[in-house]
Amino acid sequence: MAAAHSDRDQPSALCSEFLSFSAKDTASRWLVAADLQQEVYCHLAMYVPRILCLGLSGGGSSREEQREEQREELACQLLLLAPLEWLLLGEEPAAGLALLQENNQPSPLCGHVFKVGEPTYSCRECAADPTCVLCMQCFLGSVHKEHRYRMTTSGGGGFCDCGDAEAWKKGPYCHKHTPTATYAQEDPVAQLPADLVARGYSIFSIILKYAVDMLTWEQEEQLPSGLEPLDRGDTYYCMLFNDEVHTYEQVIYTLQKAVNCSQKEAVSFATTVDRDGRKSVRYGDLQFCEQAKSVIVRNTSRQSKPLRVHVMHSSVVAHQCFALKALSWLGQIIQYSDGLRRIFCQVGLQRGPDGENSSLVDQLMLNDSKMWKGARNIYHQLLMNSLLMDLKYKKIFAIQFAKNYRRLQTDFMEDDHERVVSVTSLSVQLFTVPTMNYERLQCDYVRDDHDREFSITDLSVQIFTVPSLARMLMVEENLMTTIIRTFVDHLRHRDLQGRFQFDRYTAQQAFKFGRVQSLIGDLKYVLISRPSDWTDQLRLKFLEGLDAFLELLKCMQGMDPVVRQVGQHIEMEPEWEAAFTLQMKLTPIISMIQEWCSTDEHVLIEAYKKCLSALSHCHSGLPDGEQPISLSLAGHCVDTFRYQVSQDKVSIHLPVCRLLAGLHVLLSRTEVASRFPEQLPLGELSPPLLIELPLRCLVLCAQVHAGMWRRNGFSLINQIYYYHNVKCRVEMFDKDIIMLQAGASMMDPNHFLMIVLSRFELFHIFSSADCRKRYREANKDVVQQNNTLIEEMLHLIIMVVGERYVSGVGQVEPFDEVRREIIHQLSIRPMAHSELVKALPENGNKETGLERVIDSVASFKKPGVTGRGLYELRPEWNKHFNLYFHHYSRADQSKAEEAQRKLRRQNREDTALPPPLPPPLCPLFGSLVNLLQCDVLLAVEGAVLQWAVEPSGGGWTESMLQRVLHLVGVALLEEQQQLENSSGDEDVTFNYTCKITRPGEAPSTSGSVLALLETLQNAPHLEVHKDMITWILKMVANIKAMRERTSSTSTGSVSAEQGLEETLRDKDKAERKRKAEMARLRREKIMAQMSEMQKHFINENKELFQQSLEELEASTSAGADTSAPRTETSCVSQVCVGPRRVGRAEHRQMVTCILCQEEQEVRGHGRAMVLAAFVQRSTVLSKNRCRNLPDSERHDPLFMHPDLSLGIHTASCGHIMHATCWQRYFEAVQLKEQRRQQRLRGHTSYDVENGEFLCPLCECLSNTVIPLLPHTHSPDHSVDHPSLEVWLKMTSQQIAALHSAHRKQSEGVAEGAEPAIPEGFKVDFRPHGDVTLPLRKPFSSSVSAMITTFSMSTYKVGLKVNPNELDPRVPMVVWSTCAYTIQSIERLLTDEEKPLFGSLPCRQDDCLSSLTRFSSACWTAAPPTTTHTHFIRLLAALVPDSQVENSPCILDIDMFHLLVYSVLSYSAVHSLDQSGRRVIDSTHLHLLHLITVAHLVQILLTSTTEEVFMDQDSVGSEEEELTCQLYNMLRTHLGSVLPEVTSGWQLLRCVKVGILPFLRSAAIFFHYLNSTAPPADLLVPGSDHWEALCSFLSLPPNLLQLSQHAHLELLIHRWCCHPGVIKNLQGGGVIRFPRESNRLIELPEDYSVLINQASSFTCPRSGGDKSRAPTLCLVCGSMLCSQSYCCQTEVDGEDVGACTAHTLTCGAGLGLFLRVRESQVLFVAGKTKGCFYPPPYLDDYGETDQGLKRGNPLHLCSERYRKIERLWRQHGVAEVIGHAQEANQTLVAIDWQHL
């Protein structure tokens, strides 16, 4: 390793050179040099290898690496770039650049290149196409922020189009980029000094050539001539390159083996390779590197092609690194001046000596696929800053790009990089293509690779979407044809007829197919804006492109044909996805081509001819013209040929037919057909041929519905689904209907219908001699199939005649078409905006036209806190409802029908759903109407009605009849319209009413259609259709009346007809009313009978009811009692603590077990009953998130710090079980879990190993159970109540006795005199089992066992330790959770302004009451000495005790925790008092008094009062005086630490507000501890209940009177003398009272502000790299880099992501985050639990947009954010996660810990 050694000496040698090197001198030497290139190369050859790439810093720390990087940067700047800058500018670079910038006139183009994840804005109203975007700065300064805009996040690459007039219909400039009047059109180079220009040319060409040579250099050992190093050491790099085949895991594993590094290093290598495209993984001599290379190649070549590894000489690597730096430098320099930019463009695009494609930019472009990612990124960036910012050179570059298009695409197909990094990554905006094949591929992908990088042809999006450039390239470079031909060339799989054939896809082919589709993206860009004025050249080239496109469509026509499987099921599902993917991709192109055609008549006519000849070419290849047959029916004959969909091949793909249909409609819309009929080949059309293929396709759908193709599997069902789906239907299903309409309008309607019947294979049914006598079929299945087919056929006829809402078929505007879609979608049910958008087809600009229409037909209902905003149809549009709307699926249709009938019933109308008035047809389609009155249709209608009259057997269905009635209705409306619009009788050609009155033809002499309808009107089995038939008969009567009163009295006709209608309607109404009245009377009678029976039953079983009512009263929980205080107690004032307290009346508490349903009383000695509960650590009340979590083994939790930095919270769902039932249930859960783990290894929503389970009733997450204990007894009022001094004296005696007893026990010797023991106080430490201590057994064994269970769970969760029953901390943890839970509930009640009592839901009420009673009894499970010691230490904090050391100062104690701990621990001391003369209550009261005073002192010490001069009464109240007195006393003890305050009023306010939370918490605690009913005042909301609160706690309303005690003044003095007090006050950071409630962070109102923040957030670990999934912590506001390898940390031996790691410090394992790019809220609890939650950001339509897919502007909904906050403050997040995970058990579990 000698080489490496010598390297280490080099820096020092370099340092001396640094100092002596002068950039200025070097530059002046170069200036006079004869051959500048040689000089510069010589300089680079000397310095580059000595500055860059001096070997890896041998696994050094990241800090060393950073230092090394900084050194390299500095050296490059000083030794290499500075001389170039001097040479270029001829003066001090800083000054020269500033001068350039000053003289530069900036271009109006913004050209800001987007970073990954940066917000981009596109205006839906003004953008020329969806690729036109603005950056945030330009957007905020533009007119578009007032318009409807779309906001998305960039995939990186792409730039801001502000200032480009072609990109915007209006408002192309923002305030900043508005061009000044002086922005001259002259050449910017002319503005620069001539010598600068000359130097610029030479320097730019030398440096650019150097960079291009180095980046496209392929030799690993040698360097280009002129750059050979002076001395070649044996130093090599083993360089690993990125590809898209291997996963992170494979690379990490391989590297660990090859260069034996740690997992962490391997991860960092892999991340860098993925980010930059290459990374050196070993440095040393040749052999050392070759060895690593062979290991890597060997390890990765098993599954696929091996990873690409090169061993390169260090000097080559150094020069390549500098080449990148030089390119970045060029990019920076040209930013200063437009003149320099143009010089650079000229240098880059100048042809080299080798002619075609020899310019430097061409060389880069053509070598793109050989470069690594980092290099591609840098030069793409440079091209964007230069060529694309200069309009002149943008054109030249565009032409080069188009010339090389095929070659670039071919390279790209073979290249294994992701599109975004390649030259052909043809679209910035679509950086992943979410097609099915891609999804299939994602597994072999390194997913994380498609952001940062982007490619030269991301530039294509910049080029092809500029309309002027696109036209120019189309005309000059024949771009459209080039793209299409390239595309067709790459799809090589064909069948014998030359159609595309997609085999079962291998991943490799799918990958390639995915790539091929990027070409379609380009074609879309070229066609996106239609030309307004055509040139002959453009016409020619467009039609040439159309020829190529028709060739492509011919290859698709008839692909993937299917044949019906008979007998057995298909063995292997055929490949269908590829063909549909292709169809979906081409849909917008086909639409755009039609739009182009519509703008020029000549083009349209030519296109129509071309398309027609293509179609006839396709038809000539059809093998089915063999057997001609002749059909006759109803006196008509037609010739056709035999073909059966159910036996022959049929294909769904007919793009040529459909394009022709589209063009045919355009002929009608633009009226070309009527103006130039002689130019159109309409005479050559053979209508039967036109309709043949679309008809087969529709018959196929009908047969699939009828269940005839079941054996063909899912692939066919999927194809039919997509055929109708909104993504494809515009160019598939819709066009097939149009083609049938076109055909039908050109042929005899009878012939058309006979062919339809024949293709539906129904001809024999209607053509039999007497078809009305119903064709009998033995096979039931066949009957059913035929019924469905008849329904489908009738539906098709309805669509062909009635679907006129296409501009060109009917006389309508596109506006009407969208409106009709919306009306029918909203007829199903009210819908959200996004659902409507999904239901409407998008045009090329991703717009649906919804906004223009929606407000006229629907009203918007805003959402509440959940759900989303909905649009409801306005009632006046209901009459436009058409039951047979052609885009309804079966399910939609039945839902809509039900909804509409229900609506009509509510409005008391008849339930007929007649067809709406159809719009008039265009002339070209005018003859469609005759279908309705042709003989064949009348025969079919007659037959169906006849079958309905005699419904025998199954050969008939109601839907059939319903469709016939609809058709009859359409025909009548048509006739009525013609009559109304006509001037006289002679021009009405439509006489349907006459035809339906004719009786049927002989031989079937049955009645006419009309007669049949009249018969059916009262048929009992057709009650549903009665209204519809009535409507039809009314219409017939109207029309007859109209015909009788034709032209002569046309005016009076309407009123008469209305009169007739009204009389009929009135009759109807009266009939309905009568029925409704009868129904009402019947209902009332029944209700009366039931009520009578109920009374009778209650009277008979009186005693039963009485008993259960009493129990009900008794068993209601404390909460219920509190809400109605009993009268006798409310006369005495309620007191909950102290000897005067009033206990509740003794009554038994009965509860029912939810598992065995047995009732039982809660008794200390009975069977244990338990309450399911969930204990968790919490930081919700924390005032100090920076505090580290305590060390669980040594932490002593006896005193809680007032910052409450970590608490333990207990919640419960309130469901009660027997302890034994619960244990059985939990064991079953454990067993189930063991079995499950063997089958699946995913996590469930609960972790059994940690004792978690779901409540058996409500499935709420729980991890322990709280035993229920009986209420405490009322106090004995006969016993005396000692004063504070007496009590203090007595307690200190008891404590002294305990001290000496402890010493005796531990040392076995009595030292000194025995202390005076109070009478009756027995310090007996006998073991539990001793018979002489009956007191030690207050609970039965089962209750005691449960007490231990809960204590252990709380201990385990709270301290994160293993269970240990003897640990003295067990009782402390239980008291702690009791205090913390009460405090958090008190905060919630305050913040929500609810009353202190009576407003809690019963689950919280039960939880608090059982938790408090449990805490008061948990000492019985611990050794008594433990609890005694705790009490002694707790009291010593208030009453200093010489025996106790290290008592904390009063500023370090949370007083409410102290109160709870000391009250609960005193019970153990009290149990030793056998005298019976002292009650525990007086101790409680004294403790409360003492601690209240301590809290007063605490508040005064930390109070900060600003002097406010107010007009106060000169004499304050007694309270104010006492406050001042106490404060001044504290000042005398502490001196100058406390400021002087004169205003007693302010101090008093401070004290009252500060102590209120403590008093409220104390009231809750004693209320539950002593089961006291609260006073009425505390049951109503409001803040001023001070008096009631004080009297409830038996405190004086003036609390300061407590501190007037002489003994207390002594104590106060002692508290102040504690050294901790002054230290705390001077140190700052004191907790002030009252503590503010914590809130989640403030979020900005506009979401894009957040996106912008996130886009500038870089990953803290991978040097300045953009984070992929920036995630915001909602609790503390930190931004984290989530879901990435770089920021994983190790916790308990497991790798966890940034969010999980952050929760451990910020939320004790629980976190709420907002994933900014996804607009999703993430809840995380621990390592295995998490869920996504709807974000608080909504768009204007009241919907969230998770994943930012829709791009509507989002704004903060504060109610929803408050809801999330409330969840967090109520500690409900873990429960939400539990429910979410339970509800969504997918097979692929998300690894929450990696987020």
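Preceding this section is the structure that the text describes.
Residues numbered from 1 in each chain as written. Predicted model: local features only at pLDDT ≥ 70, side-chain atom pairs only at ≥ 80, totals over all residues. Heavy atoms only, no water.

Participant: Help me understand the overall build of the protein in this model?
Facilitator: A count of helices and strands for the protein gives 62 helices and 25 strands. Here the protein, with 1795 residues, has 56% of them falling under the buried criterion. Considering only residue pairs separated by 6 or more positions, the protein has 77% of its internal contacts joining residues 24 or more positions apart. For the protein, the exposed surface amounts to about 77,100 Å²; the carbon and sulfur share of it is 52%. (Helix = DSSP H or I, 4+ residues; strand = E, 2+ residues; numbered from the N terminus. Buried < 20%, exposed > 50% of the residue type's maximum accessible area, 1.4 Å probe, protein only. Contact = heavy atoms within 4.5 Å. Areas by Shrake-Rupley, 256 points an atom, 1.4 Å probe, with all protein chains shown as cover.)

Participant: Any chance you could explain the packing of helix 51 (residues 1424-1438) against helix 52 (residues 1455-1470) here in plain terms?
Facilitator: Pairs of packed helices are described in terms of their axes, by the angle between the two and the distance that separates them. Running from N to C, helix 51 and helix 52 point in directions that differ by 135 degrees, and their axes come no closer than 8 Å. By the angle between their directions, the pair helix 51 and helix 52 is classed as oblique. Of the two elements, helix 51 crosses helix 52, and the hand of that crossing is left-handed. On helix 52, the residues that touch Thr1427, His1428, Phe1431, Leu1434 and Leu1438 of helix 51 are Leu1458, Tyr1461, Ser1462, Ser1465, Tyr1466, Ala1468 and Val1469. When its residues are assigned to classes, the contact of helix 51 with helix 52 shows 8 nonpolar, 4 polar and no charged. (Axes fitted to C-alpha atoms, helices over the stretch in contact; angles between N-to-C directions. Parallel < 35°, antiparallel > 145°, perpendicular 65-115°, else oblique. Left-handed = near helix turned anticlockwise from the far one by under 90°. Nonpolar A, V, L, I, M, F, W, Y, C, P; charged D, E, K, R; others polar.)

Participant: Would you explain the sheet that holds strand 16 (residues 1264-1267) in this entry?
Facilitator: Pairing between sheet strands relies on hydrogen bonds along the backbone, with the strands arranged either parallel or antiparallel. Read from one edge to the other, the open sheet built from 3 strands follows the order 13-12-16, with strand pairing classed as antiparallel. Here the strands that pair on one side only, and so sit at the sheet edges, are strand 13 (1207-1218) and strand 16. The sheet shows a mean angle of 40 degrees between the axes of neighbouring strands, taken without regard to direction. With 4 bridges connecting them, strand 12 (residues 1169-1178) and strand 16 associate as antiparallel partners. Pairing of Ala1172 across the sheet is with Val1265, part of strand 16. Strand contacts of helix 50 (residues 1402-1417): strand 12, strand 13 and strand 16, with the helix running at about 105 degrees to strand 13, the strand carrying the most contacts. (Pairing = 2+ DSSP bridges.)

Participant: Any chance you could explain the environment of Gly1207 here in plain terms?
Facilitator: Within the element layout of this structure, Gly1207 appears in strand 13. A relative accessible area of 1% places Gly1207 in the buried class. Measuring from C-alpha to C-alpha, the distance between Gly1207 and Leu1181 comes to 8.0 Å, with 26 residues separating the pair along the chain. Apart from the residues lying within four places of it in its own chain, the contact partners of Gly1207 are Gln1176, Arg1177, Ser1178, Met1200 and Tyr1380.

Participant: Honestly, a nonpolar patch on the surface in this entry has me stumped. Any pointers?
Facilitator: A cluster of nonpolar side chains, namely Ile1086, Met1087 and Met1090, defines an oily patch on the protein surface of about 320 Å² accessible area. Within the secondary structure, Ile1086 is located in helix 42 (residues 1050-1100). On the basis of relative accessible area, Ile1086 is assigned to the partly exposed category, the value being 44%. (Patch = residues over 30% accessible without salt bridge, like charges linked within 9 Å, V, L, I, M, F, W, Y side chains within 5 Å. Salt bridge = Lys/Arg side-chain N within 4 Å of Asp/Glu carboxyl O.)

Participant: Looking at this model, I keep getting lost on the packing of aromatic side chains. Mind explaining?
Facilitator: Considering all chains together, one arrives at 32 aromatic pairs under this definition. Three or more aromatic residues joined by ring pairs form one cluster here, namely Trp576, Phe580, Tyr721 and Tyr722. Over the ring of Trp372 we find Arg278, and its NZ or CZ is 3.8 Å from the ring centre. When the ring centre of Trp1545 is taken as origin, the NZ or CZ atom of Arg1549, which lies over that ring, is 5.8 Å away. (Phe/Tyr/Trp six-rings, centres within 6.5 Å; stacked < 30°, edge-to-face > 60°. Lys NZ or Arg CZ within 6 Å of the ring centre and 35° of its normal.)

Participant: Sorry if this is basic, but what is going on with the side chain of His795 here?
Facilitator: Residue position: His795 is located in helix 32 (residues 780-802). On the accessibility criterion, His795 (11% relative accessible area) is buried. In this view, His795 contacts Tyr884 and Arg963; residues no more than four positions away in its chain are not counted.

Participant: Honestly, the sheet that holds strand 17 (residues 1670-1673) in this entry has me stumped. Any pointers?
Facilitator: The sheet built from 5 strands is open, its strands ordered 18-17-21-22-23 with antiparallel pairing. The strands lining the two open edges of the sheet, one partner per strand, are strand 18 (1679-1681) and strand 23 (1729-1733). The mean inter-strand angle of the sheet, taken between neighbouring strand axes irrespective of direction, is 30 degrees. Sheet analysis places strand 17 next to strand 18, joined by 3 bridges and oriented antiparallel. Paired with Leu1672 across the strands is Met1679, a residue of strand 18.

Participant: Is there a simple way to think about helix 30 (residues 749-759) in this case?
Facilitator: Note on helix geometry: an α-helix contains 3.6 residues per turn, so any two residues three or four positions apart are oriented the same way. Burial runs high along helix 30: 10 of the 11 residues are buried. Among the residues of helix 30, those classed as buried are Pro749, Asn750, Phe752, Leu753, Met754, Ile755, Val756, Leu757, Ser758 and Arg759. Directly after helix 30, the chain includes Glu761, whose backbone phi takes a positive value near 60 degrees.

Participant: I tried to follow unusual backbone geometry on my own but got confused; where do I start?
Facilitator: Excluding glycine, residues mostly have negative phi values, and the peptide bonds linking residues are mostly trans. In this structure, the amide linkage connecting Phe1633 to the following residue, Pro1634, adopts the cis form with an omega of -5 degrees. Phi at Asn478 is positive, roughly 50 degrees, even though this residue is not glycine. Phi is positive for Glu671, close to 60 degrees, though the residue is something other than glycine. The topology assignment puts Glu671 in the loop between helix 25 (655-669) and helix 26 (672-675).

Participant: How should the packing of helix 22 (residues 536-556) against helix 25 be read in this particular structure?
Facilitator: One can describe the packing of helix 22 onto helix 25 by two numbers: an axis separation of 8 Å at closest approach and a directional angle of 130 degrees. As judged from the angle between their axes, helix 22 and helix 25 are oblique. Together, Leu550, Leu553, Lys554 and Met556 of helix 22 and Pro655, Val656 and Leu659 of helix 25 make up the contact between the two elements. Partitioned by chemical class, the residues of the contact of helix 22 with helix 25 number 6 nonpolar, no polar and 1 charged.

Participant: Quick question: what am I supposed to make of the environment of Val1463 here?
Facilitator: Checked against the element boundaries, Val1463 lands in helix 52. Residue classification places Val1463 among the buried residues on the basis of a relative accessible area of 1%. Each C-alpha atom, one on Val1463 and one on Phe1431, is 8.7 Å from the other, the two residues being 32 residues apart in sequence. Ignoring anything within four residues of it in the chain, the contact list for Val1463 reads His1484, Leu1487, Phe1565, Phe1566 and Leu1569.

Participant: Mind showing me how you'd approach the state of the cysteines here?
Facilitator: Among covalent bonds in proteins, the disulfide is the one between the sulfur atoms of two cysteines. Applying the stated criterion across every chain, the model contains 0 disulfides. Here Cys126 stays free of any disulfide, with the sulfur of Cys123 as its closest cysteine sulfur at 3.6 Å. (Disulfide = S-S within 2.5 Å.)

Participant: Help me understand the pattern of salt bridges, please; the structure alone is not making it clear to me.
Facilitator: Side-chain pairs of opposite charge can arise where the charged atoms are in close proximity. Scanning the model with the defined rule gives 43 salt bridges in all. Across the pair Glu73 and Lys325 runs a salt bridge, and its minimum N-O distance is 2.9 Å. With a gap of 252 residues between them, Glu73 in helix 4 (residues 62-89) and Lys325 in helix 11 (residues 314-335) connect regions that are remote in the sequence. According to the relative accessible area criterion, Glu73 is partly exposed, its value standing at 44%.

Participant: Can you walk me through the pairing of strand 21 (residues 1710-1715) in this structure?
Facilitator: Along a regular strand, successive side chains alternate from one face of the sheet to the other. Buried residues dominate strand 21, accounting for 6 of its 6 residues. Along strand 21, one buried face is formed by Leu1710, Leu1712 and Leu1714 and the opposite face, lined by Gly1711, Phe1713 and Arg1715, is buried too. One ladder, built from 3 bridges, connects strand 17 with strand 21; its direction is antiparallel. Bridge pairing in strand 21 places Cys1673 opposite Phe1713. Across 6 bridges, the pairing between strand 21 and strand 22 (residues 1720-1725) is antiparallel. When the bridges of strand 22 are listed, Gly1711 appears paired with Val1724. As consecutive antiparallel partners, strand 21 and strand 22 are separated by 4 residues, and within that stretch Ser1719 has a phi angle of approximately 50 degrees, a positive value.

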